[in-house]
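Residue-level structure breakdown
Residue-level listing of the chains:
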Amino acid sequence: MKNRLSFLLVMVVLGLLLLAACGGSSQEAASGASSRPEPPAAYAGISNPKANDSAAVTAGEALYRANCASCHGDTGKGDGPAAVALDPSPQPLATTVISESDAYLYWRIAEGGAMAPFSSAMPAWKAILSEDQIWQIVAFLRTLGG
Ligand code: HEC
């Protein structure tokens, strides 16, 4: 009788542990695919007015080559010539665009990496590139994904 009780107790404890473990991992999955911070209110929810516009993609590619490829690499693999000197290193944007929203991309290009939690060499482009130009670059970046 006593053995049976302690066996039951062990089973209950094991069951609870299992539940706790499963609960933990499903909570993680529910918190979203991206581990990156959400864009602040000023950028939240914006989307590319030039998405899938082939003229914008062409213009964006030229802007990307002139301004971004030195760090992020010609095809967005994070392997531009300047990348070796940087810590944190430039992201492989071809991968970034698979999981990230237009709002995130626009925010990061506009504001750069000077702020927390990034503290990186990523320049802020909002004083250099127009809103249209940033969206052209985003349209081009979308073609690198996959
Ligand atoms: C001087 C090197 C440098 C240049 C030039 C540069 N970047 Fe970056 N960029 C970085 C670094 C380093 C990071 C990674 C750290 C961070 O997220 O701030 C980064 C991060 C990013 C991110 C966030 C990626 C992610 O996965 O979260 C985007 C988007 C981005 N850059 C786009 C651009 C675009 C578009 C241009 C050109 C207009 C550009 N960058 C030019 C260095 C650079």
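Notes on the structure in this doc start here. (Residues numbered from 1 in each chain as written. Predicted model: local features only at pLDDT ≥ 70, side-chain atom pairs only at ≥ 80, totals over all residues. Heavy atoms only, no water.)

Quick look at the overall build of the chain now. Counting secondary structure elements, the chain contains 6 helices and 0 strands. Listing each helix as α and each strand as β along the chain from the N terminus yields α-α-α-α-α-α. Taking all 146 residues of the chain together, 32% fall into the buried category. Element-wise, carbon and sulfur atoms account for 61% of the exposed surface of the chain, whose accessible area totals about 9,200 Å². (Helix = DSSP H or I, 4+ residues; strand = E, 2+ residues; numbered from the N terminus. Buried < 20%, exposed > 50% of the residue type's maximum accessible area, 1.4 Å probe, protein only. Areas by Shrake-Rupley, 256 points an atom, 1.4 Å probe, with all protein chains shown as cover.)

Summed over the entire model, instances satisfying the criterion amount to 5 salt bridges. A salt bridge links Glu61 to Arg65, with the nearest nitrogen and oxygen atoms 2.8 Å apart. In this pair, Glu61 and Arg65 are both assigned in helix H2 (residues 54-67), 4 residues apart and thus about one turn of the helix distant. The partner of Asp102 in a salt bridge is Arg142, and the shortest N-O contact between them spans 2.7 Å. Here the residue Asp102 occupies a position in helix H5 (residues 102-111), and Arg142 occupies one in helix H6 (residues 131-144), the gap between them amounting to 40 residues. Here the salt bridges share partners, and the residues they tie into one network are Glu61, Arg65 and Asp74. (Salt bridge = Lys/Arg side-chain N within 4 Å of Asp/Glu carboxyl O.)

The next thing to look at is the layout of surface pockets. The method is simple in principle: a probe with the dimensions of a water molecule rolls over the atoms, and the space it marks as empty is what remains. Taken as a whole, the largest pocket encloses approximately 550 Å³ of empty space. Along the wall of the largest pocket there are 29 residues; nearest its centre are His72, Gln91, Leu93, Arg108 and Met122. Those elements giving two or more residues to the lining of the largest pocket turn out to be H2, helix H3 (69-72), helix H4 (93-99), H5 and H6. With 4 residues, H5 is the largest single contributor of residues to the lining of the largest pocket. Of the residues contributing to the lining of the largest pocket, the split by class is 20 nonpolar, 7 polar and 2 charged. (1 Å grid on protein atoms, 1.4 Å probe; cavity = no way out; pocket = protein on both sides within 12 Å on 5 of 7 lines; lining within 4 Å. Points joined across faces, edges and corners; volume = space filled by probe spheres on them. Nonpolar A, V, L, I, M, F, W, Y, C, P; charged D, E, K, R; others polar.)

Below, the discussion takes up the coordination of the iron atom of the ligand. Every protein donor of the iron atom of the ligand is listed here as His72 (NE2) and Met122 (SD), and their distances to the metal cover 2.0 to 2.1 Å. Since its relative accessible area comes to 24%, Met122 is described here as partly exposed. (Donors = N, O, S within 2.8 Å, 3.2 Å for Na, K, Ca; no water.)

The environment of the ligand is formed by 25 residues, the closest being Cys68, Cys71, His72, Tyr104 and Met122. Take His72: an N or O atom from its side chain is 2.8 Å from a nitrogen atom of the ligand. Within the side chain of Arg108, an N or O atom sits 2.6 Å from an oxygen atom of the ligand. In a pocket analysis with a 2 Å cut-off to the grid points, the ligand is assigned to the largest pocket. The set of elements that each furnish at least two residues to the shell around the ligand consists of H3, H4 and H5. At 4 residues, H5 tops the list of elements feeding residues into the shell around the ligand. Taken together, the residues of the shell around the ligand break down into 16 nonpolar, 7 polar and 2 charged. (Near = heavy atom within 4 Å. Polar contact = N/O pair within 3.5 Å; in protein donor to acceptor, adjacent residues only side chain to side chain. Sits in = over half its atoms within 2 Å of the grid points.)

So yeah, pure geometry; function would need other evidence.
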